[in-house]
Protein chains: 2
Amino acid sequence: MKRIMMNGMMRGAFLFLLVFGQAYAQTDPLPSWNDGPAKKAIIEFVKVTTDKGGPKFVPPEARIAAFDQDGTTWVEQPMYTQIVYCLERVPVVVKAKPDLKNIEPFKTVLSGNREAMAKFTMPDLYMILAATLSGMTIEEFQAEATKWLDTARDPRWKRPYTELTYQPMQEVLKYLRANGYRTYIVTGGGQDFVRLYSDRVYGIPPEQVVGTAGGTKYRYAKDGKPYLLKEPKMLLNDNDAGKPEGIHLMIGRRPYAAFGNSIGDKQMLEYTQAGDGARLMMLVHHDDDKREYAYGPAQGLPNTRVGTFTQALYDEAKKKGWTVISMKNDWKTIFSFDK
Amino acid sequence: MKRIMMNGMMRGAFLFLLVFGQAYAQTDPLPSWNDGPAKKAIIEFVKVTTDKGGPKFVPPEARIAAFDQDGTTWVEQPMYTQIVYCLERVPVVVKAKPDLKNIEPFKTVLSGNREAMAKFTMPDLYMILAATLSGMTIEEFQAEATKWLDTARDPRWKRPYTELTYQPMQEVLKYLRANGYRTYIVTGGGQDFVRLYSDRVYGIPPEQVVGTAGGTKYRYAKDGKPYLLKEPKMLLNDNDAGKPEGIHLMIGRRPYAAFGNSIGDKQMLEYTQAGDGARLMMLVHHDDDKREYAYGPAQGLPNTRVGTFTQALYDEAKKKGWTVISMKNDWKTIFSFDK
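What this report covers is the structure whose coordinates are included nearby. None of the values given here were measured: they were computed from a predicted structure. (Residues numbered from 1 in each chain as written. Chains lettered and ligands numbered in written order. Predicted model: local features only at pLDDT ≥ 70, side-chain atom pairs only at ≥ 80, totals over all residues. Heavy atoms only, no water.)

It helps to recall that an α-helix has 3.6 residues per turn; residues three or four apart then point in one direction. Residue and element names in this part refer to chain A. A rise of 1.5 Å per residue sets the reference length of helix 6 (residues 122-133), with its twelve residues, at 16 Å; its end C-alpha atoms lie 16 Å apart and thus fit the reference within 8%. Among the residues making up helix 6, those that are buried are Leu125, Ile128, Thr132 and Leu133. Down the axis of helix 6, the sector holding all buried residues measures 100 degrees, keeping them to one side. The elements touched by buried residues of helix 6 are helix 3 (81-96), helix 4 (106-111), helix 7 (138-151) and strand 4 (226-236). (Helix = DSSP H or I, 4+ residues; strand = E, 2+ residues; numbered from the N terminus. Expected span 1.5 Å × (residues − 1). Buried < 20%, exposed > 50% of the residue type's maximum accessible area, 1.4 Å probe, protein only. Arc of directions from axis to C-beta. Contact = heavy atoms within 4.5 Å.)

A few words on the pattern of salt bridges. Overall, the coordinates contain 30 salt bridges over all chains when judged by the stated rule. Here Asp28 of chain A ties to Lys39 of chain A by a salt bridge, and the two come within 2.7 Å at their closest N and O atoms. Within this pair, whereas Asp28 of chain A is found in the loop between helix 1 (2-25) and helix 2 (37-49), its partner Lys39 of chain A is found in helix 2, the two being separated by eleven residues in sequence. The class of Lys39 of chain A is buried, set by a relative accessible area of 7%. The salt bridge involving Glu316 of chain B is made with Lys266 of chain B; its shortest N-O contact spans 3.1 Å. Taken together, the residues span a long stretch of sequence, with Glu316 of chain B in helix 13 (residues 311-320) and Lys266 of chain B in helix 12 (residues 266-273) at a distance of 50 residues. Three or more residues joined by partner-sharing salt bridges are found here, namely Lys266, Glu270, Glu316 and Lys320 of chain A. (Salt bridge = Lys/Arg side-chain N within 4 Å of Asp/Glu carboxyl O.)

Attention shifts here to the sheet that holds strand 3 (residues 209-220) of chain B. Remark on secondary structure: sheet strands pair via backbone hydrogen bonds, oriented parallel or antiparallel. Taken together, seven strands build an open sheet; the order of strands is 4-3-2-1-5-6-7 (chain B) and the sheet is mixed. Bordering the open sheet on either side are strand 4 (226-236) and strand 7 (323-326) of chain B, each of which pairs with just one other strand. Between one strand and the next, the sheet's axes are offset by a mean angle of 30 degrees, whatever the strand orientation. Sheet topology places strand 1 (residues 64-67) of chain B next to strand 5 (residues 257-260) of chain B; three bridges connect them, and they run parallel. Opposite Ala66 of chain B, over in strand 5 of chain B, you have Ala258 of chain B as the bridge partner. In the packing of helix 11 (residues 242-250) of chain A onto the sheet, the strands contacted are strand 3 and strand 4 of chain B, and the crossing angle to strand 3 of chain B comes to about 155 degrees. Across the face of the sheet, helix 12 (residues 266-273) of chain A comes into contact with strand 3 and strand 4 of chain B while running at roughly 95 degrees to strand 3 of chain B. (Pairing = 2+ DSSP bridges. Axes fitted to C-alpha atoms, helices over the stretch in contact; angles between N-to-C directions.)

This paragraph deals with the sheet that holds strand 6 (residues 280-285) of chain A. Residue and element names in this part refer to chain A. In spatial order, the strands read 4-3-2-1-5-6-7; together these seven strands make up an open sheet with mixed pairing. Where the open sheet ends on each side, the last strands, each with one partner, are strand 4 and strand 7 (323-326). Strand-to-strand twist across the sheet, computed as the mean angle between neighbouring axes with direction ignored, equals 30 degrees. Taken together, the four bridges between strand 1 (residues 64-67) and strand 2 (residues 182-190) define a ladder with parallel strand orientation. The residue bridging Ala65 from the neighbouring strand is Thr183, located in strand 2. Sheet strands in contact with helix 8 (residues 167-178) are strand 1, strand 2, strand 5 (257-260) and strand 6, and its direction is about 165 degrees off that of strand 1.

Moving on to the packing of helix 3 (residues 81-96) of chain B against helix 6 (residues 122-133) of chain B. Residue and element names in this part refer to chain B. Two elements in contact, helix 3 and helix 6, have axes whose closest approach is 9 Å; the angle formed by their N-to-C orientations is 65 degrees. Handedness of the helix 3/helix 6 crossing: left-handed. Here Gln82, Ile83, Tyr85, Cys86, Leu87, Arg89, Val90 and Val93 of helix 3 lie close against helix 6, whose contacting residues are Leu125, Ile128, Leu129, Ala131, Thr132 and Leu133. For the contact of helix 3 with helix 6, a count of residues per class yields eleven nonpolar, two polar and one charged. (Left-handed = near helix turned anticlockwise from the far one by under 90°. Nonpolar A, V, L, I, M, F, W, Y, C, P; charged D, E, K, R; others polar.)

Now the structure itself:
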């Protein structure tokens, strides 16, 4: 009995040292950030919202932080990763439905003319998304997309797309979580697609991914086993006003922090700010053509459909006190493999 | 230094006693259940899915349990609580839109004829739900419904509806959570409605409520402040096949355990069972007209629209190895106020 007790006490001492040691050892939670207003805003926000007894304290259960993905937590140029996936899947779809071969936009995709593809309209893209992301079971989609993610490489860095996440934003995700925040991806990208890697890549479990979502249909196989079939039907368009709407549907709480990089994130940031107390609204400004890309206000890339950060959005940010993150000046490192 | 160390060790010993003491003190996790196949099935399921190294171990992140609400975790007779709320709100809506006064089904609601109301068709009910649950902001809805929940009383027990939860199911919720399961409500009831009290009543946070959901529209007030307006548009009908579809949309993982009580839960249980490994499927059978109600197979209440448990469902359960919970035989206590 006495021995067990001593054992427990030693265990306790060890636990004590571990917990308190960590608290004392806490150095810079955001080492890939240069000192400046952006880094300061994040640290100040965490400090005041976790200061028990302080006027801006947020109870742990309400600590929600929302992150756009494309252009905010990973590279979105020259084309959204999921669009690349869909375009590369078109030949498989055409093989199953040969009639599509001579119909636009599939004809252009098969031609391989990237310049023409960059000019696709939204209806063109929706046709491609509907054709390539539906008509299979959830499990079939998961298997195919996982295989693609494992083998596809970004043309510029020659790495898996899932390695092209921004190291500074990875640090923010971890820092917020270490302070009791639940981090959510709130993306215009496909919910089923992002959920495949969100845990591995961001430490965000699938149930904390809010994305553009197609419907599914519950069906029975011949052996009676049920399955969900992906339908070419949009349930949630998680862009623009769809972001706050999607947040309400999927989370039911207003975020205290929101991170975006384009006009598609504007409403999410406004909605976040409209709550009481301390709120953190941040926009990543892509102004670093050496280390990544530059396509912010007054810069522009040929394909402005991706991640449009207009002068009007910049002005709104300044007026409303949102923090604009300069990749060039605020980020010491862009990728984890940069060093 | 030495003193701090001793302090730490004493703290440690205290923590040790707390943690291990609790483990030793663990007696019956389900005291309101009589011994029998239902109680045994729950305990066996938890045991095998949390047995690290065992063949049926489920990693903590995948431990999802889904609970229907009406008739499964609380009373649904003689009418779903939310329908009562909507019916009682009709006069307010008619005051704002007097034209509705002479139109069915509003005319019948205003007449107060409960018997006629019990015969409402689904389209009738949808008209009432659409009229009473939309056209206001989320915050307006929350304030009104909260006020109602605080004051409304069930006609039989003369208590707030939120007290009419089943004590045995409350124990299952806690028992599963104590074993690393995340518990979700997956209800045909309104998501916005159930989220108002889910944390207080079930210990389930709003983001773990999947329910029938109407759309919202992002709008700006005159002062520029944004808000979400509840729309009379169905986004997710979380009944029947809508339950597995809703689970995929909102959680993105297949549950390991699912609890229901009616044909509206059939597909959720099938979908749960279709996964690998150990799965727990349970149906509450209302066969206790003394302590609650009896409306299972071959019993029937006049209003069979509520919680229909057909003979066919009973047969499917038996055939597939789902566990039918007899309220009469399996539950020692029904309500926490019963003793």
